[in-house]
Every structure is written in structure tokens, then in C-alpha cells.
Amino acid sequence: MPFSKEMLAGASGQSTGFYDHTIDQSLRFAGTAPLLSRTFATGNRRTYTFSAWIKRAPSGQTNEYIFHTSNAGASAGSYLYFTNDILAWYDSSTSVLSTNRKFRDFSSWYHIVLAVDTTDSTAGNRSKLYVNGVQETDYSAESNFSENHQTYLNSNIDHFLSSSGTNLQFNGYMAEVHFIDGSQLTPASFGETKDGIWIPKDTSSLTFGTNGFRLQFDQTGTGTASTSTIGADTSGQDNHFAVTNLA
């Protein structure tokens, strides 16, 4: 089901005019190996931001990949994923961040932001996870990148939303998925708090960079990446995603 501010307005008792921006479409990931894929050009492997509005669905799986890379069959790569209901960020065979908090609410939307800048002189600032506008700080595992570390993510390899791997696919809905190549942003670039609720805001003025994209899921086509498929990039960068096993 699509996520919109009208829904939030009804929940908060405010009029719809109180909210400035609406997300009209979401994409449901269900069935066998649903995914969006794109081979990236080489971008800024040290500094970038990923943002997505996500609603989970029960799956019985241990791992569900949100956004990840494939490194020609090698075990190393970059993965943002749920594992046993915690949120984790993994790169180069290292569990970089793993939350203690579990995300088991299947009725609500989560806004997830991964913000990376390995050029930062402060080790703890090089990878940040935010949920609904708040930075996660309570981790079961935390391993800081070395300064100027280059991740697999944003390199010249395949990148995916969800996964074709057995028992690794994301189950649920995604909406307003963004990737910002070259900037470590905060959640304030994508959302704001009104009446105590974290809500999305218009992101059309953001600078997306070489591999940056904005997926609004306004189109209906499937198959090869283009402006008319579900994976159409509306950022102006034309970084469209191919569509597999999605309708």
C-alpha cells in the first residue's frame, strides 16, 4: 500500500494542508527473488548517503537485504540489511554497525538513512545509521573504517535493492529511495518532524552526484532499465534500475 502524508495527517488529527509533501507510490517486494539492479560507474567510494522509507512484512527469514553490492562472486561486498530483525551495515568482510534494537513492527514505516564519510578524522563519524530521524548509537557490533577506506558500495560493480539470493530477499514495501554520491547527509535532507511525527519532505533540489538516484516508483514497466520502468531514476541523473520479478 502506498505511504502518504494523508495517512499521517489522519493519525495525528491535523488537516492534510499541514503536510507539505506526499509520497504517492511505494513498491512491494514479494514472491521469488524480486529485485532492482544496476551496474554502477565508479563513484565516490568514501562519501555517500542512502535513504529509504521501508515497511517490513513477516517472512521467517534470518537475513533480508535492503541495498547491497555483488562483487563477482566474492564473499566480500557492502550490505545494508536486516538480520534477525536488527539493522546492520557490513563492508569488506567486517560487520561495521549492528544495532541492539530490533525492528519488528510490521504495521509502521521506518525511514532508514546510511551516511558514510571515511575521510572524516573522527572514526565514529565515518558510518552513521539513522532511523526515523534519530541516529542509532546502541550497537551490538561497531567497527570503524580506517580513514579514507574505500567501500565496495559505489564501485564499478552490480548494486541491488533486495536480492536474488535464497532467503536473502527483502519482504515488504519501499518508497522514495535515494542515493547521494559524494555527500554524507543527515536525515533532515529527506524528512522533518511535524506534530511529533517524522515525515518525508520534497528532495527534488538535492545534488545527487555521479551514481545518485531517486526512485519514486511512478512507472509500471518491467525488464530493462529505462524511464518507463518501475526502476526509473527521477533525480535527473538517468541512473535507472532493471526490474526483475516485480509487477
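The present account deals with the structure reproduced in this document.

Conventions adopted
- Residues numbered from 1 in each chain as written.
- Predicted model: local features only at pLDDT ≥ 70, side-chain atom pairs only at ≥ 80, totals over all residues.
- Heavy atoms only, no water.
- Buried < 20%, exposed > 50% of the residue type's maximum accessible area, 1.4 Å probe, protein only.
- Helix = DSSP H or I, 4+ residues; strand = E, 2+ residues; numbered from the N terminus.
- Pairing = 2+ DSSP bridges.
- Phe/Tyr/Trp six-rings, centres within 6.5 Å; stacked < 30°, edge-to-face > 60°.
- Lys NZ or Arg CZ within 6 Å of the ring centre and 35° of its normal.
- Core = buried A, V, L, I, M, F, W, Y, C linked by side-chain atoms within 4.5 Å.
- Contact = heavy atoms within 4.5 Å.

1. Notes on the pairing of strand S13 (residues 172–181)
Regular strands have side chains that alternate between both faces of the sheet.
So, step 1. When you tally the buried positions in S13, you get 10 out of 10 residues, the bulk of the element.
So, step 2. In terms of strand pairing, strand S1 (residues 27–29) meets S13 through three bridges, oriented antiparallel. The residue bridging Leu27 from the neighbouring strand is Met174, located in S13.
So, step 3. Strand direction decides the pairing type here: strand S3 (residues 47–56) and S13, joined by eight bridges, are antiparallel. Within S13, the position partnered with Ile54 by the bridge is Met174.
So, step 4. Both S13 and strand S16 (residues 213–215) contribute to a ladder of three bridges, which runs antiparallel. Pairing of Val177 across the sheet is with Leu215, part of S16.

2. With respect to the packing of aromatic side chains
So, step 1. Summed over all chains, the structure comprises 16 aromatic pairs.
So, step 2. Summarising the aromatic geometry, the rings of Phe40 and Phe179 are spaced 5.9 Å apart at their centres and angled 55° between planes, so their arrangement reads as tilted. Of this pair, Phe40 sits in the loop between strand S2 (35–39) and S3 while Phe179 is found in strand S13, placing the two residues 139 residues apart along the sequence. As far as the burial class goes, Phe40 and Phe179 line up, both buried.
So, step 3. Taking 5.6 Å as the distance between ring centres and 40° as the angle between the ring planes, the aromatic pair formed by Tyr48 and Phe179 counts as tilted. With Tyr48 in strand S3 and Phe179 in strand S13, the pair connects residues that are 131 residues apart, well separated along the chain.
So, step 4. Grouping aromatic residues by their ring pairs yields a cluster made of Phe40, Tyr48, Phe50, Phe67, Phe179, Phe213 and Phe241.
So, step 5. Its end group placed over the ring of Phe82, Arg56 keeps NZ or CZ at 4.3 Å from the ring centre.

3. A look at the nonpolar core
So, step 1. In terms of nonpolar packing, the biggest core is built from 38 residues, with Phe50, Ile66 and Trp89 touching the most fellow members.
So, step 2. Excluding residues that lie within four positions of it along the chain, Ile66 makes contacts with Phe50, Ile54, Leu80, Tyr81, Phe82, Leu87, Ile112, Phe160, Leu161, Ser162, Phe170 and Met174.
So, step 3. Listed in part, the seven residues of the second largest apolar core include Ala115, Ile180, Leu185 and Phe208.

Don't take any of this as a statement about function, it's just geometry.
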